[in-house]
Amino acid sequence: MAERAALASLAVALLVLGLKGLAYLLTGSLALLSDALESTVNVAAALLALLAIRFARRPPDATHPFGHTKAEYFSAVLEGVLVVLAALLIAREALPRLLHPTPLGDLGPGLGLALLASGLNGLLAYGLLREGRRLRSPALTADGYHVLSDVLTSLGVLLGVGLAGLTRFWALDPLLALLVAGNILLLGLRLVRQSVGGLMDEGLSPEEVARIRAVIARELGGKALEVHDLRTRKAGHRAFLEFHLVVPGTMPVAEAHRLCDRLERALEEAFPGLAVTIHVEPESERKA
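Only a predicted model underlies this, so the values are computations on that prediction, with no experimental measurement involved.

Turning our attention to the overall build of the protein chain. Along the backbone of the protein chain there are eight helices and three strands. Starting at the N terminus and walking to the C terminus, you meet the elements of the protein chain as α-α-α-α-α-α-α-β-β-α-β. Counting every position in the protein chain, which comprises 288 residues, the buried fraction comes to 48%. Sequence separation of at least 24 residues holds for 75% of the intrachain contacts in the protein chain that already meet a minimum separation of 6. When the accessible surface of the protein chain is split by element, carbon and sulfur atoms take 66% of a total near 14100 Å².

Following this line, the structure appears as structure tokens:
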């Protein structure tokens, strides 16, 4: 499912790039060119996401016993870097034009094509974010936020270029391009930060940890004395949980084993894809 979504993203990104490129050729608008340049990043990002998802879905092997899920974070980091580079390229093109504004060509057909491209991107962003959250795929989610940002900036560009055409204030065109560049730069930096957090074994959110503790408390039903040293981490679409479970010293090993099995099943049902490791300890290890 994640791979199909990435393929759809690549196909739409190529179509949108063609539409925006044609819109620039028809109008000569630097703002529309900046929008098209961002779409080249969308194409590269969609291709990276597709390759990363394919690699991340490989099963564990002798050299990667925990799987290959972190490959998606590399894709998201590279996408963030590409976004930052696109912002710098746009700024380089816009600054000279800001000092020497240039009249634009016929805006009607070009703006129509750009509006069609934005509509396609909007549908794509909605689908990517929905599938990224459902599948817990950092690559798809990063791609979705990137495309969503592209939609918002494109709408701003369309409005601004239209105003420039109506008012003949041509400096508005490169000024809009610089604003788009600033927005793209912030997006790229955010993507890099989020992806680096995953590579650094960032834990689950406080809300998710609270849900985990609630499931554990419900399933234990007073049969264990304590849970401590609970730790979590994320790796692509998977998450990992480990904790120490203190049980009465008189509890038989078989009963402790059944208790752990019940906990693991309940946690995996509540959090699909969660890998659970429980370390059972006797009453003497109690910390509270």
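Next comes the rest of the write-up.
The next point concerns the packing of aromatic side chains. For the structure on display, the rule yields zero aromatic pairs. Its end group placed over the ring of Phe240, Arg233 keeps NZ or CZ at 4.1 Å from the ring centre.

Take the UniProt feature "transmembrane region" (unreviewed entry) in the protein chain next. Cross-referencing UniProt, the feature "transmembrane region" (unreviewed entry) maps to residues 31–53, 73–91, 111–129, 150–169 and 175–192 in the present numbering. Between the C-alpha atoms that bound residues 111–129 the distance is 27 Å, and the span itself is 100% helix and 0% strand.

Along the chain, Val215 falls in helix α7 (residues 206–220). Sequence-distant contacts of Val215, defined by excluding residues within four places in its chain, comprise Ala266, Leu267 and Ala270.

The terminal C-alpha atoms of helix α8 (residues 253–270), which comprises 18 residues, lie 26 Å apart, in line with the 26 Å expected from a rise of 1.5 Å per residue. When we look at burial in α8, the residues that qualify are Ala256, Leu259, Cys260, Leu263, Ala266 and Leu267. Down the axis, α8 shows its buried residues gathered within 130 degrees of arc, on one side only. For α8, the exposed residues set more than 90 degrees away from the buried face come down to Arg258 and Glu269. On its buried face, α8 sits against α7, β2 (238–246) and β3 (274–281).

What follows covers the pattern of salt bridges. Under the counting rule described, the total for this entry stands at three salt bridges. Residues Glu219 and Arg218 are paired through a salt bridge, measuring 3.1 Å at the closest nitrogen-oxygen approach. The buried category is assigned to Glu219, whose relative accessible area is 18%. Under the relative-accessibility criterion, Arg218 is labelled exposed at 56%. Across the pair Arg262 and Glu219 runs a salt bridge whose closest N-O atoms are separated by 3.7 Å. In this pair, Arg262 sits in helix α8 while Glu219 sits in helix α7, placing the two residues 43 residues apart along the sequence. Residue classification places Arg262 among the partly exposed positions, given a relative accessible area of 26%.

This part is about a nonpolar patch on the surface. A cluster of nonpolar residues, Leu95, Leu98, Leu175 and Leu179, forms a patch on the protein surface that exposes about 350 Å² of accessible area. Of all elements in the fold, only α3 (71–99) and α6 (172–199) reach the threshold of two or more residues within the nonpolar patch. Tracing the sequence through the fold places Leu175 in helix α6. The class of Leu175 is partly exposed, set by a relative accessible area of 38%.

In this section: the pairing of β3. As paired elements, β2 and β3 share eight bridges and run parallel to each other. If you follow His244 over to β3, its bridge partner there is His279. Running through α8, the crossover from β2 to the neighbouring parallel element β3 is right-handed.

A few words on the nonpolar core. One broad rule of soluble globular proteins: the nonpolar side chains tend to lie buried together. Counting residues in each nonpolar core, the largest one holds 33 residues, and the members touching the most others are Leu32, Val83, Leu111, Val157, Val161 and Ile184. Where this core is concerned, the elements lending two or more residues are α1 (2–27), α2 (30–56), α3, α4 (107–135), α5 (138–167) and α6. Ranked by the residues each element gives to this core, the list is headed by α6, at eight residues. Those residues in contact with Val157 that sit more than four places away from it in its chain are Ala31, Leu32, Leu176 and Val180. Residues Ala224, Leu245, Leu274 and Ile278 belong to the second largest nonpolar core, which totals 24 residues.

Looking now at the packing of α7 against α8. Remark: α7 packs on α8, axes separated minimally by 10 Å, with the N-to-C direction vectors making an angle of 140 degrees. One finds that α7 runs oblique with respect to α8. Considering how the two elements wind past one another, α7 and α8 form a crossing that is right-handed. Touching Arg211, Ile212, Val215, Ile216, Arg218, Glu219 and Leu220 of α7 are Leu259, Arg262, Leu263, Ala266, Leu267 and Ala270, all from α8. In terms of residue class, the contact of α7 with α8 is built from nine nonpolar, no polar and four charged.

Each value, and the rule that gives it
Residues numbered from 1 in each chain as written. Predicted model: local features only at pLDDT ≥ 70, side-chain atom pairs only at ≥ 80, totals over all residues. Heavy atoms only, no water. Helix = DSSP H or I, 4+ residues; strand = E, 2+ residues; numbered from the N terminus. Buried < 20%, exposed > 50% of the residue type's maximum accessible area, 1.4 Å probe, protein only. Contact = heavy atoms within 4.5 Å. Areas by Shrake-Rupley, 256 points an atom, 1.4 Å probe, with all protein chains shown as cover. Phe/Tyr/Trp six-rings, centres within 6.5 Å; stacked < 30°, edge-to-face > 60°. Lys NZ or Arg CZ within 6 Å of the ring centre and 35° of its normal. UniProt positions renumbered as here; feature names shortened; annotations may be inferred. Expected span 1.5 Å × (residues − 1). Arc of directions from axis to C-beta. Salt bridge = Lys/Arg side-chain N within 4 Å of Asp/Glu carboxyl O. Patch = residues over 30% accessible without salt bridge, like charges linked within 9 Å, V, L, I, M, F, W, Y side chains within 5 Å. Pairing = 2+ DSSP bridges. Right-handed = clockwise from strand over helix to strand, strands pointing away. Core = buried A, V, L, I, M, F, W, Y, C linked by side-chain atoms within 4.5 Å. Axes fitted to C-alpha atoms, helices over the stretch in contact; angles between N-to-C directions. Parallel < 35°, antiparallel > 145°, perpendicular 65-115°, else oblique. Left-handed = near helix turned anticlockwise from the far one by under 90°. Nonpolar A, V, L, I, M, F, W, Y, C, P; charged D, E, K, R; others polar.

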